[in-house]
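A closer look at the structure
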Amino acid sequence: MTTLFVLSGPSGAGKSVLIRRILEDLPNIRFSVSSTTRAPRPGETDGVNYHFISREQFQRDVEADYFLEHAQFSGNCYGTSRRELEEAGEAGQDLLLDIEVQGARQLQEKGIEAVYIFVTPPSYAELERRLRSRNTEDEAAIQRRLRQSVEDVAHVHRYQFVIVNDNLEEAYSRLRSIFVAERSRLRRMESELNAILASFHN
Ligand code: ADP
Ligand code: 5GP
């Protein structure tokens, strides 16, 4: 049984750092590798962080209904392929999506059940500091992302969980707790539980 975990939040909030940690720490989570038209950053690998594709390819994929959701963000296109969800289901893994607010909204409007988590920095000033210290965008792109962040945080009320990423250890501990709690739900425990219950009748 696959549970979808959707993480959104302004660019620079710390989603990637938190995701890296959860993937190293907990078993059976698959990261949903999105398609994007943006250029790879140093250290990013095609097929691992993203599928880096051209605008033409992206448009063809949209027309072929290849995406479960897709959106524009800060001048580039991003989308989640339907295959990601299918493959996680086939592998019996949970799926973790790092997507912006419009994409998350599309999933909600389609009635897709997921754990919707919003990651916010402790303040706008700290977001700006992190975006600059990451050193992956030029000044114009940083400004675009900062402007976009004002819109992003206005959508926080659509989410079920909020993680304030001030102290990284605390934020990570909360994120981990959400995963562990979701995975402890009765419907997730049924197969393990059946064997335990059966042992009471032997
Ligand atoms: P996002 O994926 O949300 O765009 P990143 O994970 O790339 O954000 O984080 C943006 C920058 O902020 C990175 O340089 C990262 O190392 C740093 N960062 C993330 N979380 C914290 C934190 N709690 N305290 C200080 N810096 C952080
Ligand atoms: P970045 O360029 O910093 O990697 O990502 C920019 C924004 O795009 C982030 O908010 C990230 O969550 C979002 N994003 C990444 N992949 C997808 C996707 O497949 N769909 C949508 N809607 N947003 C995505």
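Residues numbered from 1 in each chain as written. Chains lettered and ligands numbered in written order. Predicted model: local features only at pLDDT ≥ 70, side-chain atom pairs only at ≥ 80, totals over all residues. Heavy atoms only, no water.

Of note, Ser 81 is situated in strand S6 (residues 76–81). Separated by 47 residues in the primary sequence, Ser 81 and Ser 34 have C-alpha atoms spaced 6.9 Å apart. The contact partners of Ser 81, leaving out residues within four places of it in the chain, are Tyr 66, Phe 67 and Leu 68. (Helix = DSSP H or I, 4+ residues; strand = E, 2+ residues; numbered from the N terminus. Contact = heavy atoms within 4.5 Å.)

Looking now at the sheet that holds strand S5 (residues 67–73). Pairing is mixed across the open sheet formed by four strands, whose spatial order is S4-S3-S6-S5. With one partner strand each, in any of the chains shown, strand S4 (50–52) and S5 form the two edges of the open sheet. Sheet twist, expressed as the average angle between the axes of neighbouring strands with direction ignored, equals 25°. Where S5 and S6 come together, six bridges link them in antiparallel fashion. Along S6, the bridge assignment pairs Ala 71 with Tyr 78. Each of S4, S5 and S6 is contacted by helix H3 (residues 82–91), which is oriented at about 30° to S6, the strand it contacts most. (Pairing = 2+ DSSP bridges. Axes fitted to C-alpha atoms, helices over the stretch in contact; angles between N-to-C directions.)

One way to put it is that helix H1 (residues 15–25) packs onto helix H7 (residues 168–182) with a least axis distance of 10 Å and a crossing angle of 55°. Our classification of the angle between H1 and H7 gives oblique. The chirality of how H1 crosses H7 is right-handed. Counting all contacts with H1, which are made through Val 17, Leu 18, Arg 21, Ile 22 and Asp 25, the residues of H7 involved are Leu 168, Glu 169, Ala 171, Tyr 172, Leu 175, Arg 176 and Phe 179. Broken down by class, the residue content of the contact of H1 with H7 amounts to eight nonpolar, no polar and four charged. (Parallel < 35°, antiparallel > 145°, perpendicular 65-115°, else oblique. Left-handed = near helix turned anticlockwise from the far one by under 90°. Nonpolar A, V, L, I, M, F, W, Y, C, P; charged D, E, K, R; others polar.)

What surrounds ligand 1 is a group of 14 residues, the closest being Gly 12, Lys 15, Ser 16, Arg 134 and Asn 165. One of the backbone N or O atoms of Gly 12 is found 2.7 Å from an oxygen atom in ligand 1. In this structure, Leu 168 approaches ligand 1 through a main-chain N or O atom, which is 3.5 Å from a nitrogen atom. In the complex, the protein chains occlude 78% of the 570 Å² of accessible area that ligand 1 would expose alone. Looking at the shell around ligand 1, the elements with two or more residues in it are H1 and helix H5 (124–134). Class assignment for the residues of the shell around ligand 1 results in four nonpolar, five polar and five charged. (Near = heavy atom within 4 Å. Polar contact = N/O pair within 3.5 Å; in protein donor to acceptor, adjacent residues only side chain to side chain. Areas by Shrake-Rupley, 256 points an atom, 1.4 Å probe, with all protein chains shown as cover.)

Before going further, it helps to spend a moment on the sheet that holds strand S2 (residues 29–31). One open sheet holds the five strands; their spatial order is S2-S7-S1-S8-S9, and the pairing between them is parallel. Two strands lie at the open edges of the sheet, namely S2 and strand S9 (161–164), each paired on one side alone. Averaged over neighbouring strand pairs, the angle between their axes works out to 25° when direction is ignored. The pairing of strand S1 (residues 4–8) with strand S8 (residues 115–120) spans four bridges and is parallel. Bridge assignment links Leu 7 to a residue of S8, and that residue is Ile 117. On top of the sheet, H3 reaches S1, S2 and strand S7 (94–98); it is set at about 160° to S2, its chief contact. The sheet strands contacting H7 are S1, S2, S7, S8 and S9, and the helix crosses S9 at an angle near 155°.

Attention shifts here to the packing of H5 against helix H6 (residues 139–153). The N-to-C vectors of H5 and H6 enclose an angle of 150°; their axes lie 11 Å apart at closest approach. It follows from the interaxial angle that H5 and H6 lie roughly antiparallel. Along this stretch, H5 crosses H6, giving a crossing that reads as right-handed. Counting all contacts with H5, which are made through Tyr 124, Leu 127, Glu 128, Leu 131, Arg 132 and Arg 134, the residues of H6 involved are Glu 139, Ile 142, Gln 143, Arg 145, Leu 146, Ser 149 and Val 150. Residue composition of the contact of H5 with H6, by class: six nonpolar, two polar and five charged.

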